[in-house]
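Structural features, examined
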Amino acid sequence: MNNRVLFRYRKILVRLIIAVLLMIGAGITEGCTPSEAVNVFIRINQNGYRQDDVKTGIVFSEKVLDGVNYVVINTQNNKKIISGNLGQSLGTWGRFKHNYEIDFSALKDPGTYQIQIRNNKSHDFRISNDIYSGVTENLIDFFRVQRCGPTNPMLHGLCHNFDSPYIAGDSLFGKVDVTGGWHDAGDYIKFVNTAAFTTYMLLFAYDFDPVRFGFDRDNSGAPDVLEEARIGLDWLLRCNYKPGGLITQVQDLRDHEVGWRLPEDDPLRYERPAFKGIGKNIIGIYSAALALGSRIWKAKFYDDDYSRRLLESAENIYRLKGSAPDLDTAPSGMYQDQKFEGKLALGAFELFSATSKGSYLKDSKDYAATAGPDYWWSWGDVNSLAHYRLATEDPKYLGYIENNLTHWNHLSDSTVYGDIGVYPWGTTHLLFGVILNNILYTKVTGNSQFESLAQKQMDYILGKNPWGISFVSGVGKTYTKHFHLQITYLKGIGLPGGIAAGPTSQDVLKNYQIERKPSGLDLFNSDNVKYFDDRNDYITNEPTIVTNATAVFVFGMLNRK
């Protein structure tokens, strides 16, 4: 055998060994034996289930499993609790042609359980009404990691204390103080659009349920969620740097060009321009956050001066809506809204709540009716918040939220995992939004018809997905570890409360060239949808303040007190 042929055989052998190791590695994380792990996988919500939750799991394989027996056992006494046979396959995911649902909703007794099929075992999972205890607090800590400027950040030093040397679009004004706030995601840029959304959601959570969101771990006298919201409010106030002048972004895309570094070591610390901008979309979410903050600070802390400053800024910015363009032009091209009506409806309602001026309520109703249902949820799609607020005044607005949920319920019925089957950039945020819509709907109606839909989205986020991974750091047995976040990567530590963006469609991914390392998770990627737990992947694996803000509300409301 000549050297060329020998080399070729060795190359083939190496590839085979790597493929087998990847498949075995993926199975071992399930607690399976290597011989079975290649064929059968079990996915469940790794965090567990509340006693009355709909409880489902997915079993999948490359081979037919119709009629195969499964059992659910109590791991504390090894007692068989439920036994059944797999039915017909629900359909195909990637290379796995056979996917089966197990429904064990009848299991309500608190305890720790496991699903077993042949020699394959699922992760242990709990049934308890306190399974979400502590999750919200952990998510709050993520915002401390994201803090910028002299705000007592977590895991890094003081940073960007010279924001900003000049204002693009207002060169005559000179330097402006826009220190503080939060870094938006894995980079160190700051945006009013996402900061205002984040601030609003933290305030909204407290306003929605002051008891659930009243925890004060540092005994500061302020609930943690309001303490963090204050970081956002203070920065938003600074961004209104003069009458009629609003900063919408700090730093440009040079931030992405200088390599990974801790924020306190940023070589661009003296080169972080601020950008002036305006649009009805920005006006809406900005005025909503400050008006709600004004009302809370007056009622909770009796701080009339701070409350007045917030309300004055909210009203001054709202007055610009007549002359402002419909949408701002984002200097970086990031977080560019496509519509404004929902945000302006929300801003008008919060101003009405803070002032009792009927003109604001009329504006809110008009804009909300024009906005209609958006069938989506993101930092730019918040119509449901305005519709919920108005439903407390007029129940007809609840119909828009019901339209959203009905649409998502239809999508969920056609997927293997019960998720809504849409994978944008930011899938987990969208799924948290589905759950949020259900919480709002149930709050007004007392109707739980969409509870199963909401539960399946949470299950997907927390491990009942093809990859068998929880996208929330520290929640579940196998969760995202290699976030696209410079601080934790450079320090070699885990990210408290981080949430990965989640699986994304190939239609999005194909537009970006990202170098990734091979992973056992690759086995579960389909041709159309992929997830990568890779620190270089800023599409599927980057945490953001907006996702955490929605998740704070969702987990807080699901936690039984």
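Residues numbered from 1 in each chain as written. Predicted model: local features only at pLDDT ≥ 70, side-chain atom pairs only at ≥ 80, totals over all residues. Heavy atoms only, no water.

1. Quick notes on the packing of helix α11 (residues 398-413) against helix α12 (residues 427-445)
Each pair of packed helices gets described by two things: the angle between the helix axes and the distance between those axes. Selection rule: All axes here are fitted lines through C-alpha atoms, helices being fitted over the stretch that makes contact, and every angle between N-to-C directions spans 0 to 180 degrees. For the purposes of this entry, the term helix denotes a DSSP run of H or I that reaches at least four residues, the term strand denotes a run of E that reaches at least two, and both are numbered from the N terminus. An angle below 35 degrees is read as roughly parallel, one above 145 as roughly antiparallel, one from 65 to 115 as roughly perpendicular, and any other as oblique. In this scheme the handedness of a crossing depends on how the near helix is turned from the far one: anticlockwise by less than a right angle means left-handed, clockwise means right-handed. By the convention used here, residues are in contact when the closest approach between their heavy atoms is within 4.5 Å. Residues are grouped as follows: Ala, Val, Leu, Ile, Met, Phe, Trp, Tyr, Cys and Pro are nonpolar; Asp, Glu, Lys and Arg are charged; every other residue, Gly included, is polar.
Relative to each other, α11 and α12 sit at 135°, their axes nearing to 10 Å. Taken together, α11 and α12 sit at an angle that is classed as oblique. As α11 packs across α12, the resulting crossing turns out to be left-handed. Across the interface between the two elements, Leu398, Ile401, Glu402, Asn404, Leu405 and Trp408 of α11 pack against Gly433, Val434, Asn437, Asn438, Leu440, Tyr441, Val444 and Thr445 of α12. Of the residues in the contact of α11 with α12, the class split is eight nonpolar, five polar and one charged.

2. A closer look at the nonpolar core
Definition in use: Among buried residues, those of type Ala, Val, Leu, Ile, Met, Phe, Trp, Tyr and Cys that are joined through side-chain atoms within 4.5 Å constitute a nonpolar core. When a residue's accessible area, from a 1.4 Å probe over protein chains only, is under 20% of the maximum for its type it is buried; when over 50% it is exposed; and in between it is partly exposed.
Tyr200, Met201, Phe204, Phe432, Trp467, Phe553 and Phe555 are the most contacted members of the largest nonpolar core, which totals 140 residues. Per element, the largest residue contribution to this core is 12 residues, and it comes from helix α4 (residues 192-208). When neighbours within four sequence positions are excluded, Phe555 is seen to be in contact with Tyr132, Val135, Thr136, Leu139, Phe432, Met458, Leu462 and Val472. Counting 20 residues, the second-largest nonpolar core is a separate cluster that includes Val40, Val72, Ile82 and Phe125.

3. Side note on the pattern of salt bridges
Heads up, the rule is: Salt bridges are defined by distance alone: a side-chain nitrogen of Lys or Arg within 4 Å of a carboxyl oxygen of Asp or Glu.
One pass over the structure, following the stated rule, counts 33 salt bridges. Taking the shortest distance from any N to any O, the salt bridge between Arg217 and Asp224 comes out at 2.6 Å. Overall, the relative accessible area of 42% leaves Arg217 in the partly exposed class. The partner of Asp252 in a salt bridge is Arg254, with the nearest N and O atoms 3.0 Å apart. Exposure remark for Asp252: the relative accessible area of 18% places this residue in the buried category. Salt bridges here are not isolated pairs; linked through shared partners, they connect Asp207, Arg295, Glu350 and Arg389.

4. Some remarks on the side chain of Ser164
Quick note on the threshold: Any pair of nitrogen or oxygen atoms within 3.5 Å is treated as a polar contact; in protein, a donor-acceptor pairing is required on top of that, and neighbouring residues in sequence qualify only through side-chain atoms on both sides.
Take Ser164: it is sitting in the loop between α3 (135-146) and β9 (167-168). Residue classification places Ser164 among the buried residues on the basis of a relative accessible area of 0%. Engagement of the side chain of Ser164 in a polar contact is seen with the backbone oxygen of Tyr166, the distance being 3.1 Å. Among the polar contacts made by the side chain of Ser164, one reaches the main-chain amide nitrogen of Ala274 at a distance of 2.8 Å.

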